[in-house]
Each structure stands twice: as structure tokens, then as C-alpha cells.
Amino acid sequence: MTFEIRRAALQDLCALVTDGTHDSPKLREDGVPFIKGKHISSGRIDFDTCDFISYEDHLEVIARSKPERGDTLFSNIGSVGDAAYVNTDVEFSIKNVALLKPDPSQIDPLYLFYLVRSDKVKGEILAAKSGSAQQFISLGSLRKHQVDVPASLETQQRIAAILGAYDDLIEVNRRRVAVLEEMARGLFEEWFVRFRFPGHEDLPIVDTPDGPLPEGWAYGHLRDVLALGSGFAFKSTTFVDEGQYSIVTIKHVHDGLLKPPFLSKINELPPKMPAHCKIKQGDILVSLTGNVGRTCLAWGEELLLNQRVAKVDPAAERYRSFAYCWFRSSNTLKRLQNIANGAAQQNLSPVQTVGLTLPIPPASVAEHFEKVVNPILDSIVTGHRSTEVLQRQRDLLLPRLISGQLSVQTAERQLEDAA
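Cut-off values and rules
Throughout this description, residue numbers start from 1 for each chain and increase along the sequence as written. Residues qualify for local features only when their pLDDT is at least 70, as the model is predicted, and side-chain atom pairs are given and counted only at 80 or more; totals for whole chains, interfaces and linings, by contrast, use all residues. Heavy atoms throughout the structure, all of them, feed into the side-chain values; hydrogens and water do not. Within this scheme, the nonpolar core is defined by two criteria: the residues are buried Ala, Val, Leu, Ile, Met, Phe, Trp, Tyr or Cys, and they are joined through side-chain atoms within 4.5 Å. Burial status follows relative accessibility: with a 1.4 Å probe on protein chains alone, a residue under 20% of its type maximum counts as buried, one over 50% as exposed, and anything between as partly exposed. We count a stretch as a helix when DSSP gives it H or I for four or more residues in a row; a strand needs E for two or more, and each element gets its number in order from the N terminus. The contact rule is simple, with two residues in contact once any of their heavy atoms fall within 4.5 Å. Cavity: a set of points on a 1 Å grid over the protein atoms alone where a 1.4 Å probe fits but cannot get out. Pocket: an open set with protein on both sides within 12 Å along at least five of seven lines, its lining residues, like those of a cavity, having an atom within 4 Å of a point. Grid points are joined across faces, edges and corners, and a volume is the space filled by probe spheres set on the points. Polar here means any residue outside two lists: the nonpolar Ala, Val, Leu, Ile, Met, Phe, Trp, Tyr, Cys and Pro, and the charged Asp, Glu, Lys and Arg; Gly therefore counts as polar. Side-chain rings of Phe, Tyr and Trp, where Trp is taken by its six-membered ring, are said to pair if the distance between their centres is within 6.5 Å; with planes under 30 degrees apart they count as stacked, over 60 as edge-to-face, and otherwise as tilted. Any Lys or Arg side-chain nitrogen found within 4 Å of a carboxyl oxygen on Asp or Glu counts as a salt bridge. A strand pair is defined by DSSP finding two or more bridges across the two strands. Axis definition: a line fit to C-alpha positions, over the contact stretch in the case of helices; interaxial angles, taken between N-to-C directions, run 0 to 180 degrees.

Colleague: Explain the nonpolar core residue by residue, including any values.
Modeller: In this structure, Leu226, Leu258, Leu285 and Phe327 are the most contacted members of the largest nonpolar core, which totals 63 residues. With eight residues, helix 10 (residues 363–403) is the largest single contributor of residues to this core. In contact with Phe327, not counting residues within four places along its chain, are Leu222, Leu226, Leu228, Val286, Gly293, Thr295, Val312, Thr332, Leu336 and Thr353. One finds Tyr111, Leu142, Ile170 and Ala411 within the second-largest nonpolar core, a separate group that totals 40 residues.

Here's what the structure looks like:
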């Protein structure tokens, strides 16, 4: 199926192209969400970690720009290039974010979001960025940017519906993984914090110099159950655009999520690189610098461990799930942040980390926990891999649909297969 394409500037497709406040309202612990560029990622608005401002300040901000359902946000200052679709009626204010209000007579609102988010359009916009201390895209440049769109609104809507359905599948995956993570952490808290593990009723709690423990348990050091292997200092001069191996850095390690793209690549392994720096699916990774203690499970092919990231090496297979859940617990994160040093930036020492004390269960309890939780961790990895496949399929669709390489009908059939 072919269709007519027209070329137009974003300002001709939108009723308004503006940005958020240029002021700095006083931040609060509650109130109206205050969204900046850093709160836009993977097409979503992060309301969980954002700041807040008073309702009075919010009214002043939205006098200039009020985000509403169907609008597209585009980060044009600082972390330039991230986009999000406003699919909520919750009121919020924006700063360092451009606001695109589509004209429904010219462009489908959801189609506009996918268009701006596409690699082609985003790459063209980013090519026009300026600013040395802080990168930015001017509103004038954004308004005048030319894009190709199907002349038919119906075609736009069908394409947007296909891409939206992929995002729905991705969101289902994301929620499922979040539930699995919560299940694993909940079991860890129950077994190893509250000591309500299977058979605990038959074991008395005894006093030890470090605190009460079930009989047969003992306080030990983290090094008794695992080792931490630091990453390798790869040389940027060896990086290539297309290489066999991808390098995982601290920016890729988030709480419970290994987040591509992995842009630094090499073709040959450095001769002095330790063997543990080759990452296998399901490996446990921990960030050592900046946001220390972030922990996730690895997935993907031909990945290598960069410096400032560590890999967890359990002393025995029975401690794998125990180790992951220990690092993912909120109490552990506080302990890691407390021992991290560095005035400008926190740095976590692997030696100090494995010296931390903790209750160590008998081998039988650890093995039982591994049998229960390991399938959950495997399902988490599978969920992340599935999400990556769906994202890749979605991101390939828009340029192929616009260019005519793929018909809308074929894309709709592929979506049925993916679902």
C-alpha cells in the first residue's frame, strides 16, 4: 500500500510549540509535579522521582505552557532528545522541556509523538543542537524543523495505533517484571530479615554478639558468600561504530534494569582484560560510582564490563538469588551509600563492600531460597529480553512505513503475531 506524503514544519502541524518556565520555583516535598528533562525517559514521564512546586507557582507556570492529554514533551535543554506522550489528566508543570500541542486537523497527536521520537527525526533535531556548557535546541529551530507525514489522517492514525499497541505490550512486560521484582524482594525480606523461612517454627532464636539469629545461622561478611569483580578500563581509542562487543557502563545500570543502547563497541578483546569482564545473561551488575549500589540483571549478547561497574560472583550457585535480592534491598542501598566516599562523587569500594556483615543462612536454607527465587529471576531476564525485541520492532516500523518499504496491512499482521 502506498500513500501520499507531505512535508511540513512542526509549527504548521502544531497549534503551539513552546517550552516550560524559565524561572526556578521553590521546590517542595509535595504539591504539583514539576517535570524537567531528566524526568522524561523511554517515552514516559517519571512522576515517581520528580520534584514538586506549590499550586500558586504552578498557576504561574501554566499561564505560559500547560501540558494536556495528547501533547508531546521534548527535552530541549540538558539531556536533549528524549520525548514523552502526555496520556494523563494529572496537572503538572514543566521546565527545560519543549511542549508540542498538535493540531488535530493536521496531525494525529499520537503519531506526532512517534514521529518526534523516531531515530530519523530525533537525529535531525539533535544535529542542530548548540551550547557548550549545556546543550539545547532553540524553540525557533524546533518550530521550523521539517518532517514528512502521511497526508491522510486515517493513515497516521493506523500507524499510531500499531506503534501504540507495541507500547502497550511493552508496558504489560514492564509491569510484569515490576511484580516479579517485588515478589523476589518480598521473599528475601520474609526469609532473611524477618526470619520467617520454611521451617522457622522449629528453630529457636538465639543471642549472638551481633544480634539475635535463628539457631544454626551466623553473622559473617559478604565476602563469605560472594566476590565483586570490577570492570576493565577500556581505551576510547579502540572504540568503533559497529563492533562485535558492546561495553556496559554505569549509565546503563539502573535499579533493576540494564538499559541500552550500548554505543561504545570494540572488535577485539584487550589482552589484559579479566575473564569476569565478559558478561553472561543473568549476571548481577552493581554500580560503583555516582548513584552507587544500583543493581540489575544482565541480558543481551557479547557484553563487556566497564570500569566503575562490578559483577557479583557468588561463592556457590545457591547464593545467586540471595546475592541479587540482598543488593536490591532498600536497607542494603542505604548501607552502601553510607560507606561510599568522594566529595564530588560517591565511589563504592568493592573491598569495603564485601567486608560488610550480614546474617548468613545455612546452606540448606540458601539452596531452598535459590530453588524458589531463581525461576523468578530467570523470568525477569526473559521479560527484559522480550521488551527489547518489542522496542526494536516498534522503532523499525515508523521509517519503514513512511518510506513505503512496509505496508500498514503487513505491519498490522506482524503486530498480531507479536501479541
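Colleague: Go over unusual backbone geometry with me, naming the residues and quoting the values.
Modeller: Of note, the amide linkage connecting Pro260 to Pro261 takes the cis form, showing an omega dihedral of 10°. Along the chain, Pro261 turns up in the loop between strand 18 (257–258) and strand 19 (265–266). A positive phi angle, near 60°, is found at Asn96, a position not held by glycine. One can find Asn96 in the loop between strand 9 (93–94) and strand 10 (98–102). On the basis of relative accessible area, Asn96 is assigned to the partly exposed category, the value being 23%.

Colleague: An account of the layout of surface pockets is requested, with residue identities and associated values reported.
Modeller: Of the voids in this model, the second largest pocket is the one considered here, and its volume is about 220 Å³. What lines the second largest pocket is Phe188, Glu189, Phe192, Val193, Phe322, Trp326, Ser329, Asn331, Thr332, Arg335, Leu358 and Pro359. For the lining of the second largest pocket, the secondary structure elements donating two or more residues are helix 6 (153–192), helix 7 (320–328), helix 8 (330–339) and strand 25 (357–360). Residues that form the lining of the second largest pocket fall into these classes: seven nonpolar, three polar and two charged.

Colleague: I'd like a description of the packing of aromatic side chains, backed by residues and values.
Modeller: Under the definition given, this model contains 16 aromatic pairs. Seen in terms of ring centroids, Phe188 and Phe192 are 5.3 Å apart; in terms of plane orientation they differ by 50°. Their pairing is tilted. In this pair, Phe188 and Phe192 both sit in helix 6, four residues apart, roughly one turn of the helix. Exposure class is identical for Phe188 and Phe192. Each is buried. For the pair Phe192 and Phe322, a centre-to-centre distance of 4.9 Å together with 90° between the ring planes defines the contact as edge-to-face. One end of the pair, Phe192, is in helix 6; the other, Phe322, is in helix 7, with 130 residues separating them in the sequence. In terms of burial, Phe192 and Phe322 fall into one category: buried.

Colleague: I'd like to hear about empty space enclosed by the protein, residue by residue, with values.
Modeller: A complete count under the given rule lists one cavity of 30 Å³ or more for this structure. Considered as a void within the structure, the largest cavity measures approximately 100 Å³ in volume. In this structure, the largest cavity is lined by Tyr114, Arg117, Ser118, Asp119, Leu163, Arg394, Asp395, Leu398 and Pro399. Counting only elements with at least two residues in the lining of the largest cavity, the list comes to helix 3 (109–117) and helix 10. A total of four residues in the lining of the largest cavity trace back to one element, the largest contributor, which is helix 10. Residue composition of the lining of the largest cavity, by class: four nonpolar, one polar and four charged.

Colleague: With reference to specific residues and values, describe the pattern of salt bridges.
Modeller: A full pass over the atoms with the stated rule returns 24 salt bridges. Residue Lys120 pairs with Glu124 through a salt bridge whose shortest N-O separation is 2.8 Å. Placement of both Lys120 and Glu124 in helix 4 (residues 119–126) is noted, with a separation of four residues, approximately one turn of the helix. Here Arg328 ties to Glu181 by a salt bridge, and the two come within 3.3 Å at their closest N and O atoms. In this pair, Arg328 sits in helix 7 while Glu181 sits in helix 6, placing the two residues 147 residues apart along the sequence.

Colleague: Tell me about the sheet that holds strand 2 (residues 14–19), and please be specific about residues and values.
Modeller: Paired through backbone hydrogen bonds, the strands of a sheet run either parallel or antiparallel to each other. Pairing within the open sheet is antiparallel, and its four strands lie in the order 2-10-7-8. Edge positions in the sheet fall to strand 2 and strand 8 (83–85), since each of these pairs with one other strand and no more. Strand-to-strand twist across the sheet, computed as the mean angle between neighbouring axes with direction ignored, equals 15°. Pairing of strand 7 (residues 72–74) with strand 10, which is carried by three bridges, proceeds in the antiparallel orientation. Bridging from a neighbouring strand, Thr72 pairs with Leu100 of strand 10. Sheet strands in contact with helix 3 are strand 2, strand 7, strand 8 and strand 10, and its direction is about 165° off that of strand 8.

Colleague: Lay out the environment of Asp51 in plain terms, naming residues and giving numbers.
Modeller: With respect to the helices and strands, Asp51 occurs in strand 6 (residues 51–53). Placed 15 residues apart in sequence, Asp51 and Lys36 show a C-alpha to C-alpha distance of 8.8 Å. Not counting residues within four places of it along the chain, the set of residues in contact with Asp51 comprises Leu27, Val32, Pro33, Phe34, Lys36 and His39.

Colleague: Talk me through the sheet that holds strand 20 (residues 278–279); I want residue IDs and the actual numbers.
Modeller: Spatially, four strands are ordered 19-16-23-20 in an open sheet, and the strand pairing comes out mixed. Each edge of the open sheet is held by one strand with a lone partner, namely strand 19 and strand 20. As defined by bridge partners, strand 16 (residues 245–248) adjoins strand 23 (residues 303–305) across three bridges and the pair is classed as parallel. Within strand 23, the position partnered with Ser246 by the bridge is Leu303.

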